[in-house]
Amino acid sequence: VRDIQVRARDGTRADGSGVDDHSLRLLEYDRVTAAVAARAAGSGARSRLLAWRPCADAAERARENALLDAAIRRQGEPGPWCRVGADDLAPRLAPDAREALDGVGLVEVLGWIEAARETRELWSDAGVRARFAGLAGLADALPEVELLRRRLASSLEPDGRVADSASPDLARLRRGLERGERGVQQRLERWAHGFGESAYVTRHDERFVALVPAAGFPRRRGIVHDVSGSGHSLFVEPLE
């Protein structure tokens, strides 16, 4: 990469933003970016790496090369030094995003917040910080949003559902719902028992139903929601 940056400087555009596309193609620069991007941990990083262009500013290029050298040396030492979250948050957080963050999106946000927190903790060793001051500075610059992290961690299940611990009222309502569902299931089990030992209670389209023999079932006893694949049983919800 450094060699290409030096060789490409004569092709720098007048605006100083980089090298013209024709020169980059001649230098097969896309092969370099593709090789690096292939090792990216997420789609967002992969896209940004593929869009890399040579740095025209000599001072900035020197700083970036120093960080690159430090990262290569740190990678050769034992232990992790950086964490990342899952997926790319940019589309979810874009100002023009069409949908608000849902539970799954908030879990992804939490993952990146926790990755930043863990990364800062990985740079707590004074000796490591002294040897790689530039990288340590990047870790220090990661924002601390501990209150938000705690709120999300206590409010969300791993699959994005709102956790009972999100609020006392929600926990109380869900306990009441569970008690109600157990009561409905028990009543339905007693009702199904009258149709023989093969009858049992299950769910069909999020409703409690009894699977009962089709032969001889009086349709006035309940609402038939479906028929089993064999046609020998009915999914029935009692009228009461």
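Rules used in this analysis
Residues numbered from 1 in each chain as written. Predicted model: local features only at pLDDT ≥ 70, side-chain atom pairs only at ≥ 80, totals over all residues. Heavy atoms only, no water. Pairing = 2+ DSSP bridges. Helix = DSSP H or I, 4+ residues; strand = E, 2+ residues; numbered from the N terminus. Axes fitted to C-alpha atoms, helices over the stretch in contact; angles between N-to-C directions. Contact = heavy atoms within 4.5 Å. pLDDT = per-residue confidence, 0-100. Salt bridge = Lys/Arg side-chain N within 4 Å of Asp/Glu carboxyl O. Buried < 20%, exposed > 50% of the residue type's maximum accessible area, 1.4 Å probe, protein only. Phe/Tyr/Trp six-rings, centres within 6.5 Å; stacked < 30°, edge-to-face > 60°. Lys NZ or Arg CZ within 6 Å of the ring centre and 35° of its normal. Arc of directions from axis to C-beta. Expected span 1.5 Å × (residues − 1). Core = buried A, V, L, I, M, F, W, Y, C linked by side-chain atoms within 4.5 Å. Polar contact = N/O pair within 3.5 Å; in protein donor to acceptor, adjacent residues only side chain to side chain.

Right, let's get into the sheet that holds strand S1 (residues 200-204). A sheet is described by the order of its strands in space; here four strands give the open sequence S1-S2-S4-S3, paired in antiparallel fashion. Across the chains shown, the open sheet's two edge strands, defined by having one partner strand only, are S1 and strand S3 (222-227). The sheet shows a mean angle of 45 degrees between the axes of neighbouring strands, direction not considered. Along the sheet, helix H11 (residues 168-193) makes contact with S1, strand S2 (207-213) and strand S4 (233-238), crossing S2 at roughly 15 degrees.

What follows deals with the confidence of the model for the protein chain. Looking at the protein chain, the pLDDT average stands at 87 and 92% of residues meet or exceed 70. Here residues 1-16 is a poorly scored stretch, pLDDT under 50, and it has 25 contacts once near neighbours within four places are set aside; other chains count.

This model, assessed by the stated rule, comprises 16 salt bridges. With its nearest N and O atoms 3.2 Å apart, the salt bridge here joins Arg-203 to Glu-181. Residue Arg-203 is found in strand S1, and its partner Glu-181 is found in helix H11; the two are separated by 22 residues along the sequence. Among the residues examined, Arg-203 registers a relative accessible area of 38% and is labelled partly exposed. Through salt bridges with shared partners, a single ionic network connects Glu-114, Arg-117, Glu-146, Arg-149 and Arg-150.

Following the criterion strictly, the structure yields four aromatic pairs and no others. With a centroid separation of 4.8 Å and an interplanar angle of 55 degrees, the aromatic rings of Trp-191 and Phe-195 are classed as tilted. We note that Trp-191, like Phe-195, is buried. On the numbers, 5.4 Å between centres and 50 degrees between planes, the contact of Phe-195 with Phe-217 is tilted. Of this pair, Phe-195 sits in the loop between H11 and S1 while Phe-217 sits in the loop between S2 and S3, placing them 22 residues apart in sequence. Each member of the pair Phe-195 and Phe-217 is classed as buried. Among the aromatic residues, those joined into a ring-pair cluster are Trp-191, Phe-195 and Phe-217. Positioned above the aromatic ring of Phe-208, the side-chain terminus of Arg-203 is 4.2 Å from the ring centre.

Before going further, it helps to spend a moment on helix H10 (residues 146-155). Listed in full, the buried residues belonging to H10 are Arg-149, Leu-152 and Ser-155. Each buried residue of H10 lies within a common arc of 150 degrees when the element is viewed along its axis, so the set occupies one face. Every exposed residue of H10 that faces more than 90 degrees away from the buried side is listed here: Leu-147, Arg-150 and Arg-151. On its buried face, H10 sits against helix H7 (103-122).

A rise of 1.5 Å per residue sets the reference length of H7, with its 20 residues, at 28 Å; its end C-alpha atoms lie 28 Å apart and thus fit the reference within 8%. Among the residues of H7, Gly-103, Gly-105, Glu-108, Val-109, Leu-110, Ile-113, Ala-115, Ala-116, Thr-119 and Arg-120 are the ones counted as buried. For H7, the elements touching its buried residues are helix H6 (90-93), helix H9 (133-140) and H10.

Moving on to the nonpolar core. Leu-188, Trp-191, Ala-192, Phe-195, Ala-199, Val-201, Phe-208, Ala-210, Val-212, Phe-217, Leu-234 and Val-236 together form the largest nonpolar core, which totals 12 residues. Put simply, the parts of the chain that give this core at least two residues each are H11, S2 and S4. Among residues more than four places away in sequence, those in contact with Leu-234 are Ala-210, Leu-211, Val-212, Ala-214, Phe-217, Arg-219, Val-224, Asp-226 and Val-227. With nine residues, the next largest nonpolar core counts Ala-70, Phe-132, Ala-136 and Ala-139 among its residues.

The next point concerns the side chain of Glu-108. With respect to the secondary-structure elements, Glu-108 resides in helix H7. In this structure Glu-108 comes out as buried when scored by relative accessible area, which is 13%. Looking at Glu-108, its side chain comes within polar contact range of the side chain of Arg-92, at 2.9 Å. With sequence-adjacent residues up to four places away left out, Glu-108 is seen in contact with Asp-87, Leu-89 and Arg-92.

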